[in-house]
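What the coordinates show
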Amino acid sequence: MDYGTLRGIITIVVMVTFVGIFAWAYSSSRKKQFDDAANLVFSDEEQSAMANNSGEPK
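Residues numbered from 1 in each chain as written. Predicted model: local features only at pLDDT ≥ 70, side-chain atom pairs only at ≥ 80, totals over all residues. Heavy atoms only, no water.

**Structural notes on the pattern of salt bridges**
- Under the criterion given, the structure shown has two salt bridges.
- A salt bridge links Asp 36 to Lys 32; the shortest N-O distance between them is 3.2 Å. You can see Asp 36 and its partner Lys 32 sitting in helix 2 (residues 31-38), four residues apart, about one turn around the helix.
- Take Asp 36: its relative accessible area is 39%, and that puts it in the partly exposed class. (Salt bridge = Lys/Arg side-chain N within 4 Å of Asp/Glu carboxyl O. Helix = DSSP H or I, 4+ residues; strand = E, 2+ residues; numbered from the N terminus. Buried < 20%, exposed > 50% of the residue type's maximum accessible area, 1.4 Å probe, protein only.)

This is how it looks when you write it as C-alpha cells:
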C-alpha cells in the first residue's frame, strides 16, 4: 500500500464520517432535543428572575 492509496482511504473515511454527522444533526428525530438545548439559556434566566422576585438571597 503506497502513500496515495492511504490518503485516498483516509479521505473516504473522513467524508463518510462528515456525512454521518451531518445526517445525524439534521435528522427530524433530533430536532426536539436540539430545540430544548437551545432554549436552556432562557430557562436559566427565568429561574433567576423568579428567585429575585421571591426575596430569597442568591
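**Here's the deal with the confidence of the model for the chain**
- Averaged over all residues, the pLDDT of the chain equals 84, while 74% of them reach at least 70.
- Mean pLDDT across the elements of the chain bottoms out in helix 3 (residues 40-53) (70) and peaks in helix 1 (residues 3-25) (96). (pLDDT = per-residue confidence, 0-100.)

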